[in-house]
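# Notes for the structure review
Here's the letter readout for the chains.
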Amino acid sequence: MSRSPSLPDRPRLDLDPDMNEAERLEALRKHFERIVQVNDELDDRLDEAQSRRADLREEVDELKRRNEALKTASLYIATVEELTEDGAVIKQHGNNQEVLTDLSPQLEDELEAGDRVAINDSFSVQTVLDDETDARAQAMEVDADPEVTYDDIGGIDEQVREVREAVEDPLINADAFREVGIQPPSGVLLHGPPGTGKTMLAKAVANETDATFIKMAGSELVRKFIGEGARLVRDLFDLAGEREPAVIFIDEIDAVAAKRTDSKTSGDAEVQRTMMQLLSEMDGFDDRGEVRIIAATNRFDMLDDAILRPGRFDRLIEVPKPGPEGRERILDIHTADMAVADDVDFADIAEDLDDYSGADIAALTTEAGMFAIRDERTTVRRADFEDAREKIETSNEGPVFNDGEFGRYQY
Ligand SMILES: Nc1ncnc2c1ncn2[C@@H]1O[C@H](COP(=O)(O)OP(=O)(O)OP(=O)(O)O)[C@@H](O)[C@H]1O
């Protein structure tokens, strides 16, 4: 930051007691002139500071406006083809549509042909993307040291065992696979209702194998980064290669790997391109070293068979909602740090939580804690769990029972 020059010194009046009247008058006159001069200088500096403040305020307003625009709407990615007197010619990624669009005076100075930009529904340029702020950073969640452990996951012990066998062993014990001469499973697909611990499982494997966890959400690829999908998938695998050992987690894979339809709309073509890229990355996967890939879906019935062929997602693991024992274990896990009264019997409560997912049970324990707080208690009682259950079951949020919206799918 540049520092402003120091302020002028305060003028000093030096009156010598030996001075005669005329000399004193002269000294006072000079002192007065100097004070007027310093005053003028300070006035100038004040003007400068005020104008700089106005500039900065304008900049803040502009950034706020851009920030709001970015937060409120999905943006499309485009490349600036040409800058003309009438505006910029941009080409939208994905459908290659070319449009002439007006630019704000500020963007006019900033933009160059070849820049990648984010545009809104009316093709107005919202922001210039540079390589660092690019979609790669936004589209992927990278966690070098995830904190979830297998002990945090309840009720799906068999699934934990299967995932460990398919993902952990090849990472930790790569030599054994080489010596026996078999290829470890390529990709593991976790499928099951929402909130059953699929993401937790992927994070726990990454944690327990000291691998970096890299997550990408299929739905965001098609919704938020339109036109960028294939490139982001390539980036995802490149990044995992740079960070090995790594666990790639593709959540909601159905968004990019749904069964092909006959429709030829540009959106579908774009999703197809993203899926083709994913398939080709998986096919070239053997040379990727210590990278394992886990995907998750709630819509197994929608997946394209191509994604399930050998060498791709060839290990399918269903992660169901927990049974009574699993629910009791999940209650234990989520109340580990809670002060629970003696009248609480988790086995009993678990019996009544038919159809609750792990996420529903986590929400139930938080809700029970809230009832205790409302009642100004620090200990959570059985009645709080009952109240919490009643509240959850009468609200729209959950749990997601099989005869609800979710019942349309297979689970
Ligand atoms: N089996 C479980 N054991 C303990 N906690 C669980 C379990 N399943 C879910 N939870 C709780 O629910 C939260 C959400 O779970 P998670 O994100 O792993 O579910 P998911 O299956 O990936 O869901 P989605 O399909 O909606 O992405 C977890 O952070 C955890 O608090």
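Residues numbered from 1 in each chain as written. Predicted model: local features only at pLDDT ≥ 70, side-chain atom pairs only at ≥ 80, totals over all residues. Heavy atoms only, no water.

## So, the overall build of the chain
- From N to C terminus, the chain includes 13 helices and eleven strands.
- For the chain, the proportion of its 411 residues judged to be buried stands at 41%.
- Taking contacts inside the chain between residues at least 6 apart in sequence as the whole, the part at least 24 apart equals 72%.
- Total accessible area on the chain stands at roughly 23,400 Å², and carbon and sulfur atoms take up 46% of it. (Helix = DSSP H or I, 4+ residues; strand = E, 2+ residues; numbered from the N terminus. Buried < 20%, exposed > 50% of the residue type's maximum accessible area, 1.4 Å probe, protein only. Contact = heavy atoms within 4.5 Å. Areas by Shrake-Rupley, 256 points an atom, 1.4 Å probe, with all protein chains shown as cover.)

## A short note on the sheet that holds strand β4 (residues 116-119)
- Pairing is antiparallel in the open sheet, where five strands are placed in the order β3-β2-β1-β4-β5. Across the chains shown, the open sheet's two edge strands, defined by having one partner strand only, are β3 (98-101) and β5 (125-129). Sheet twist, expressed as the average angle between the axes of neighbouring strands with direction ignored, equals 40°.
- Note: strand β1 (residues 76-84) against β4, four bridges, orientation antiparallel. Counterpart to T79 in the pairing with β4 is R116. (Pairing = 2+ DSSP bridges. Axes fitted to C-alpha atoms, helices over the stretch in contact; angles between N-to-C directions.)

## Overview of a negative patch on the surface
- There is a patch of like negative charges on the surface, built from D40, E41, D43, D44, D47 and E48.
- Here D47 lies in helix α1 (residues 21-72). (Patch = residues over 30% accessible without salt bridge, like charges linked within 9 Å, V, L, I, M, F, W, Y side chains within 5 Å. Salt bridge = Lys/Arg side-chain N within 4 Å of Asp/Glu carboxyl O. Lys, Arg positive; Asp, Glu negative; His and termini not counted. Charge placed at Lys NZ, Arg CZ, Asp CG, Glu CD.)

## So, the UniProt feature "binding site: ATP" (unreviewed entry) in the chain
- The sites that carry the UniProt feature "binding site: ATP" (unreviewed entry) are, in the present numbering, G195, T196, G197, K198, T199, M200 and H334.
- Residue position: G195 is located in the loop between β7 (187-191) and α6 (198-208).
- For G195, the residues in contact, after removing those within four places along its chain, are S357, G358 and A359.
- Relative to the elements of secondary structure, G197 occurs in the loop between β7 and α6.
- Relative accessible area serves as the criterion here: at 12%, G197 is assigned to the buried category. (UniProt positions renumbered as here; feature names shortened; annotations may be inferred.)

## Observations concerning the site of the ligand
- Surveying the vicinity of the ligand reveals 17 residues, the closest of which are G154, G195, K198, T199 and H334.
- Within the side chain of T199, one N or O atom sits 2.5 Å away from an oxygen atom of the ligand.
- About the coverage of the ligand: the protein hides 76% of its 630 Å² of free accessible area.
- Mapped onto the shell around the ligand, the elements with two or more residues apiece are α6, α10 (324-334) and α12 (358-374).
- Its residues placed into classes, the shell around the ligand shows six nonpolar, eight polar and three charged.
- Taken domain by domain, the makeup of the shell around the ligand includes at least three residues from each of domain 3 (137-318) and domain 4 (324-408). (Near = heavy atom within 4 Å. Polar contact = N/O pair within 3.5 Å; in protein donor to acceptor, adjacent residues only side chain to side chain. Nonpolar A, V, L, I, M, F, W, Y, C, P; charged D, E, K, R; others polar. Domains from an automatic or database assignment.)

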